[in-house]
Amino acid sequence: MSPSAFSTNGNGGSARPLTRGIYVPTVAFFNDETEELDTKTIGRHAVRLAKAGVAGIAVQGSNGEAVHLLHEERAVVTQTTRQALDTAGFAHLPLIVGCGAQSTFEAIRLCADAAAAGGDYALVLPPSYYCGLFDGAATVLDFFATVADASPIPLLVYNYPGATPGVDINSDVLTALAKHPNIAGCKFTCGNTGKLGRVAAAAKAAGDDFLCFSGSADFTLPALAAGGAGVIGGLGNVAPRACVRVFDVAEKDGVMSQEAVRLQDIVARGDWVAIQTGVVGVKVALNEYAGYGGFSRRPLPRPDAVKTKTIADGLKELMELENSLPDKA
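Cut-off values and rules
Residues numbered from 1 in each chain as written. Predicted model: local features only at pLDDT ≥ 70, side-chain atom pairs only at ≥ 80, totals over all residues. Heavy atoms only, no water. Phe/Tyr/Trp six-rings, centres within 6.5 Å; stacked < 30°, edge-to-face > 60°. Helix = DSSP H or I, 4+ residues; strand = E, 2+ residues; numbered from the N terminus. Buried < 20%, exposed > 50% of the residue type's maximum accessible area, 1.4 Å probe, protein only. Polar contact = N/O pair within 3.5 Å; in protein donor to acceptor, adjacent residues only side chain to side chain. Contact = heavy atoms within 4.5 Å. Pairing = 2+ DSSP bridges. Axes fitted to C-alpha atoms, helices over the stretch in contact; angles between N-to-C directions. Salt bridge = Lys/Arg side-chain N within 4 Å of Asp/Glu carboxyl O. Patch = residues over 30% accessible without salt bridge, like charges linked within 9 Å, V, L, I, M, F, W, Y side chains within 5 Å. Areas by Shrake-Rupley, 256 points an atom, 1.4 Å probe, with all protein chains shown as cover. Right-handed = clockwise from strand over helix to strand, strands pointing away.

**Things to note about the packing of aromatic side chains**
Here is step 1 of the chain: Taken as a whole and judged by the stated rule, the model has five aromatic pairs.
Here is step 2 of the chain: Measuring from ring centre to ring centre gives 5.2 Å for Tyr23 and Phe213, while their planes differ by 70°; the resulting arrangement is edge-to-face. Of this pair, Tyr23 sits in strand β1 (residues 21-25) while Phe213 sits in strand β7 (residues 211-214); the two residues are 190 residues apart in sequence, bridging distant segments of the chain.
Here is step 3 of the chain: Residue classification places Tyr23 among the buried residues on the basis of a relative accessible area of 0%.

Structural data, given as structure tokens:
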């Protein structure tokens, strides 16, 4: 299978085409006392992930506390990440930027800002606040089509019903959006492998350049078996080498190979800890196992010693695997 679903110039003209693989939605880092952005750690973390062999990085997603960032801080995070990757020799890695908003107008503005700051793709949630007033699926279709028409960079649809109450984009809508020349794919944080498979099969049959990504590492193998292109998952912040190894073994030996299944089992158990605790747990894990991480902006809590130990202990098996693996770059 070709490593890229797009032409050398990428969907929508991106100079950094998306490839099959593991993408990590990075966390944002803050000073423990002032809660100001910690740009040094933001850059350091991005380079650590790149060395582990990830296919790309996303900023300002749910793990990146986009809802806690000022508009001007979004550009700082994007610029800092892009500069760190370029300086460290990873200029080829695509940078995805979260651009979700409740209005079409703001989403378009965020896409333009992301492009200006060095982003290659925009990860866009559907609006949901006024979903009770929507004209059904037509409103969601119109939203994404209008944003994609105006965006200077290609879009990735972000289907995450947990963050958009009342809106779970179905496979018919996603299949229609796959035909748009400036929509490059979808992140299925809904966890619906059947939906992913339907959309991937329909896009392939129609010849559409549209990549379907699992939204978490615990169903890497099922997503690949269903036609997915990889994962955009927060666990990669904590165990990037382990997440990459699952994908690599599955690509080489098959999704049902004994080693792929063994690795997936370990990663899935670790991901369950991360899924239950979200970005708070991811930062605990980074503090405990990587020596940096800090805390989220308030009002998110700072776990006490008991909760910290529970999270760290729950990730012990995964981190033993992670620490046994070498970087790829």
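Alright, that's what it looks like, and here's the rest.
**Comments concerning the side chain of Thr41**
Here is step 1 of the chain: Positionally, Thr41 belongs in helix α1 (residues 39-52).
Here is step 2 of the chain: Separated by 2.6 Å, the side chains of Thr41 and Asp38 make a polar contact.
Here is step 3 of the chain: The contact partners of Thr41, leaving out residues within four places of it in the chain, are Phe29 and Tyr292.

**Quick look at the sheet that holds strand β3 (residues 95-98)**
To summarise the sheet geometry, strands pair through backbone hydrogen bonds and adopt either a parallel or an antiparallel arrangement.
Here is step 1 of the chain: Sheet architecture is closed into a barrel: eight strands sit in the order β1-β2-β3-β4-β5-β6-β7-β8, paired in parallel fashion. Taking each pair of neighbouring strands and ignoring which way they run, the sheet shows an average axis angle of 25°.
Here is step 2 of the chain: Where strand β5 (residues 155-159) and strand β6 (residues 183-188) come together, five bridges link them in parallel fashion. Bridged to Leu155 within β6 is Ile183.

**A look at the environment of Gly227**
Here is step 1 of the chain: By secondary structure assignment, the location of Gly227 is in the loop between α7 (220-225) and β8 (230-232).
Here is step 2 of the chain: Those residues in contact with Gly227 that lie beyond four places of it in its chain are Leu196 and Ala200.

**Describing the pattern of salt bridges**
When the charged atoms of two side chains with opposite charge come close together, those side chains can pair.
Here is step 1 of the chain: Summed over the entire model, instances satisfying the criterion amount to 16 salt bridges.
Here is step 2 of the chain: A salt bridge links Glu251 to Arg20; the nearest nitrogen and oxygen atoms lie 2.8 Å apart. Linking Glu251 in helix α8 (residues 240-253) with Arg20 in the segment before β1, this pair joins segments that are 231 residues apart in sequence.
Here is step 3 of the chain: The exposure class of Glu251 is partly exposed, given its relative accessible area of 40%.
Here is step 4 of the chain: On the basis of relative accessible area, Arg20 is assigned to the buried category, the value being 18%.
Here is step 5 of the chain: One salt bridge in this structure joins Lys195 and Asp168, with 2.7 Å as the shortest N-O distance. Taken together, the positions of Lys195 in helix α6 (residues 193-206) and Asp168 in the loop between β5 and α5 (171-177) put the pair 27 residues apart, joining distant regions of the chain.
Here is step 6 of the chain: Judged by its relative accessible area of 44%, Asp168 is partly exposed.

**With respect to a nonpolar patch on the surface**
Here is step 1 of the chain: On the surface, a cluster of nonpolar side chains totalling about 450 Å² of accessible area is made up of Tyr129, Tyr130 and Leu133.
Here is step 2 of the chain: Looking at the secondary structure, you find Tyr130 in the loop between β4 (121-124) and α4 (137-150).
Here is step 3 of the chain: Overall, the relative accessible area of 55% leaves Tyr130 in the exposed class.

**Considering the side chain of Ser296**
Here is step 1 of the chain: Position of Ser296 relative to the elements: it lies in the loop between α9 (258-289) and α10 (305-314).
Here is step 2 of the chain: In terms of polar contacts, Ser296 uses its side chain to reach the side chain of Glu65, at 2.9 Å.
Here is step 3 of the chain: Apart from the residues lying within four places of it in its own chain, the contact partners of Ser296 are Phe30, Glu65, Val279 and Lys283.

**Things to note about the pairing of β4**
Here is step 1 of the chain: Covered by surrounding structure in β4 are Tyr121 and Leu123 together with Ala122 and Val124, the residues of both alternating faces.
Here is step 2 of the chain: Sheet topology places β3 next to β4; three bridges connect them, and they run parallel. The partner of Ile96 across the bridge, within β4, is Tyr121.
Here is step 3 of the chain: As for the winding sense of the linkage, the β-α-β connection from β3 through helix α3 (residues 104-116) to β4 is right-handed.

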